[in-house]
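# Examining the three-dimensional arrangement
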There are 2 protein chains.
Amino acid sequence: MSKIKLAVLGSGTGSNFVSIAEAIEKGELDAEITIVISDVEDALILERAAKFGINAKYISGAPFKTKIEGDAEDKYIEEIIKSGADYIVLAGFMRIIKPKLLKAFKNRILNIHPSLLPAFPGVHSWEQALEYGAKFAGCTVHFVDEGTDTGPIILQKAVPILDDDTAKSLHARIQVQEHIAFPEAIRLIAEDKLKFLTERRIIIKYE
Amino acid sequence: MSKIKLAVLGSGTGSNFVSIAEAIEKGELDAEITIVISDVEDALILERAAKFGINAKYISGAPFKTKIEGDAEDKYIEEIIKSGADYIVLAGFMRIIKPKLLKAFKNRILNIHPSLLPAFPGVHSWEQALEYGAKFAGCTVHFVDEGTDTGPIILQKAVPILDDDTAKSLHARIQVQEHIAFPEAIRLIAEDKLKFLTERRIIIKYE
């Protein structure tokens, strides 16, 4: 079985990228990151990728602000395929993935979301959870489909919401779990351990 | 501080009623159940209430099937107030509570829902969770407001969804937590431990 190859897309600091790159370096995850692409020219994720010796590239998403479509989409697809990646990992990528890219990598695009989906989709989930008065938050690694945070779930981690939590303290607690969950989910794929029981329900295969 | 008095409304087997009545009998919960009312004449909850020596009463919800409104609502309010209850506990009561009853017991009606709300409101939440492919389920004790399963949350218990779960096995795992959560939430009220930090966010007071 050959090593799986990942293209990582991110718009920000790339802390989830780092958790994956470190898991690979430590030998905990048998995978290779072939390219890191950002739609933000000075995003920290590009700098961090370069430090790991990984090909890091800025590709503008213009003229759109919240999605990858048209010429930009074509460039993303071209660079990702050229890098040899089998899977796309969204690590804080702040644009919606449109059908052309989704189709090119069907059930091979992963995202992590800072809530126990289907609760609190969209942005600032931890703030939504606090305002709602929920007692549990968490994170979800899922395949990306046409919807917003609606794709089939690979794994989830739950964290309690404490009485004295602020948005900041809760977000930090969730991020600790994100950095465990994302490499773990990718490892399940790398080891061919996932089984779709239905179109939505994914379980772990044991030989 | 005088003991809080509860009116319990249920349509089914009353397993949550039993968990509360037993917590009272064991001295774990300083409360009194003043009346048990069912909208189903032969509901097991009435039989069980009688065995605990509690006033058990059938009050029809006709002509409506899914709500308590009009004459039936007036009868419910009359019987609940006559019993001396301060709080209403919905223990598997399969009708929507309408504004008149809500207003008479504002923020004094409790419900338990078999999911980690706001995920999976409505009926058969455990089946919804399985079909969605979620990895966590649970239960939520909340105050009842005008919405369906939208009121402020008192507490939640999380349970994992396992790869070999069926609707039955998952429901059973959730019910174990329900029978812990409901008496626990009522005890927080009985001991005056709840504090509304906002209209939605409830925390526990410590002296």
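Residues numbered from 1 in each chain as written. Chains lettered and ligands numbered in written order. Predicted model: local features only at pLDDT ≥ 70, side-chain atom pairs only at ≥ 80, totals over all residues. Heavy atoms only, no water.

### Comments concerning the overall build of chain A
If you tally the helices and strands in chain A, you get 6 helices and 11 strands. Compactness check: chain A gives a C-alpha radius of gyration of 17 Å against a globular reference of 17 Å for 207 residues, within 12% of the reference. By its C-alpha atoms, chain A is 50 × 45 × 35 Å across when sized along the principal axes. Buried residues in chain A amount to 50% of all 207 residues. Within chain A, contacts between residues at least 6 apart in sequence are counted, and of these 63% link residues at least 24 apart. Of the roughly 9,600 Å² that chain A leaves accessible, carbon and sulfur atoms contribute 52%. Distance from the positive charge centre (26 side chains) to the negative charge centre (30 side chains) of chain A: 3 Å. (Helix = DSSP H or I, 4+ residues; strand = E, 2+ residues; numbered from the N terminus. Rg over C-alpha atoms; globule rule 2.2 N^0.38 Å. Buried < 20%, exposed > 50% of the residue type's maximum accessible area, 1.4 Å probe, protein only. Contact = heavy atoms within 4.5 Å. Areas by Shrake-Rupley, 256 points an atom, 1.4 Å probe, with all protein chains shown as cover. Lys, Arg positive; Asp, Glu negative; His and termini not counted. Charge placed at Lys NZ, Arg CZ, Asp CG, Glu CD.)

### Concerning the packing of aromatic side chains
A full pass over the atoms with the stated rule returns 8 aromatic pairs over all chains. When the ring of Y76 of chain B is compared with that of F93 of chain B, the centres are 5.9 Å apart and the planes differ by 55 degrees; the resulting orientation is tilted. Separated by 17 residues along the polypeptide, Y76 of chain B in helix α3 (residues 71-83) and F93 of chain B in the loop between β5 (87-90) and β6 (96-97) bring together distant segments of the chain. Summarising the burial analysis for this pair, Y76 of chain B and F93 of chain B share the class buried. Above the ring of F64 of chain A, the side-chain terminus of K67 of chain A is found at 4.5 Å from the ring centroid. (Phe/Tyr/Trp six-rings, centres within 6.5 Å; stacked < 30°, edge-to-face > 60°. Lys NZ or Arg CZ within 6 Å of the ring centre and 35° of its normal.)

### Concerning the interface of chain B and chain A
Taken together, the contacts link 30 residues of chain B with 30 residues of chain A. Interface area, chain B with chain A, both sides summed: about 2,300 Å², of which 55% is carbon and sulfur. Contact with chain A buries area across many residues of chain B, yet Y132, D163 and R201 of chain B alone supply 30% of it, more than any other trio. At the junction of chain B and chain A, the tally comes to 0 salt bridges. On the surface where chain B and chain A come into contact, there are 16 residue pairs in polar contact (both at pLDDT 80 or more). For the side of chain B that touches chain A, the element with the most residues is strand β9 (residues 153-160) of chain B, which contributes 6 residues. Looking at the side of chain B that touches chain A, its residues break down into 18 nonpolar, 3 polar and 9 charged. (Buried area = accessible area lost by both parts, 1.4 Å probe. Salt bridge = Lys/Arg side-chain N within 4 Å of Asp/Glu carboxyl O. Polar contact = N/O pair within 3.5 Å; in protein donor to acceptor, adjacent residues only side chain to side chain. Nonpolar A, V, L, I, M, F, W, Y, C, P; charged D, E, K, R; others polar.)

### Examining helix α2 (residues 44-51) of chain B
Residues and elements named next belong to chain B. Among the residues of α2, I45, L46 and A49 are the ones counted as buried. The buried residues of α2 all sit within an arc of 100 degrees when viewed along its axis, so they share a single face. Residues of α2 that are buried in the fold lie against β1 (4-10), α1 (15-25), β2 (31-38) and β3 (56-58). (Arc of directions from axis to C-beta.)

### Re the sheet that holds strand β7 (residues 109-113) of chain A
Paired through their backbone hydrogen bonds, the strands of a sheet run either parallel or antiparallel. All names here are of chain A. With mixed pairing, the 7 strands of this open sheet are ordered in space as β3-β2-β1-β5-β7-β8-β9. A single partner strand is all that each edge strand has here, and the edge strands are β3 (56-58) and β9 (153-160). For this sheet the average axis-to-axis angle between neighbouring strands, irrespective of direction, equals 20 degrees. Bridge analysis of strand β8 (residues 136-143) against β9 gives 7 bridges, and the strand direction is antiparallel. Within the sheet, the bridge partner assigned to A137 lies in β9 and is V159. Along the sheet face, helix α2 (residues 44-51) touches β1 (4-9), β2 (31-38) and β3 and points at about 145 degrees away from the line of β2. Packing against the sheet, helix α6 (residues 167-190) makes contact with β1, β5 (87-90), β7, β8 and β9, and its axis sits at approximately 155 degrees to β9. (Pairing = 2+ DSSP bridges. Axes fitted to C-alpha atoms, helices over the stretch in contact; angles between N-to-C directions.)

### Details of the side chain of S19 of chain B
Residues and elements named next belong to chain B. Tracing the sequence through the fold places S19 in helix α1. A distance of 2.8 Å separates the side chain of S19 from the backbone oxygen of N16, its partner in a polar contact. If we ignore the near neighbours within four places in the chain, the residues touching S19 are H179 and P183.

### Observations concerning the pairing of β5 of chain B
Side chains on a regular strand alternate between the two faces of the sheet. All names here are of chain B. With burial as the criterion, each face of β5 is covered, one bearing Y87 and V89 and the other bearing I88 and L90. The sheet contact formed by β1 and β5 spans 4 bridges and is parallel. What sits directly across from L9, in β5, is L90. Judged from the 3 bridges that link them, β5 and strand β7 (residues 109-113) form a sheet pairing that is parallel. Its bridge partner being in β7, L90 is matched across the sheet by N111.

### With respect to the domain arrangement of chain A
Many descriptions give the size of an interface as the accessible area lost when the pieces come together. All names here are of chain A. Structurally, chain A comprises domain 1 (1-106) and domain 2 (111-207). Put simply, the middle of domain 1 and the middle of domain 2, counted by C-alpha atoms, are 19 Å apart. Buried area between domain 1 and domain 2, summed over both chains or domains, comes out near 1,400 Å², and the portion from carbon and sulfur atoms is 72%. Contact with domain 2 buries surface across domain 1, with N16, L90 and L102 losing the most and accounting together for 31% of the total. Linking domain 1 with domain 2 are 0 salt bridges. On inspection of domain 1 and its partner domain 2, the count reaches 3 residue pairs in polar contact (both at pLDDT 80 or more). Taken together, the elements giving at least two residues each to the side of domain 1 that touches domain 2 come down to β1, α1 (15-25) and β5. The biggest single contributor to the side of domain 1 that touches domain 2 is α1, with 5 residues. Of the residues that constitute the side of domain 1 that touches domain 2, the class distribution is 11 nonpolar, 3 polar and 2 charged. (Domains from an automatic or database assignment.)

### A few points about the relation of the copies chain B and chain A
Between the two copies, chain B and chain A, the superposition gives an RMSD of 0.0 Å; the rotation angle is 180 degrees and the shift along the axis is 0.0 Å. Such a turn and shift between the copies fits a two-fold axis. The position closest to the rotation axis in chain B is occupied by the C-alpha of A119 of chain B, lying 2.4 Å away. (Least-squares fit on C-alpha atoms with pLDDT ≥ 70 in both.)

### Notes on the side chain of E79 of chain A
Residues and elements named next belong to chain A. Tracing the backbone through its elements, the reader meets E79 in helix α3 (residues 71-83). Separated by 3.4 Å, the side chains of E79 and K82 make a polar contact. Apart from residues lying up to four places away in sequence, E79 is in contact with I35, I37, K57 and I59.

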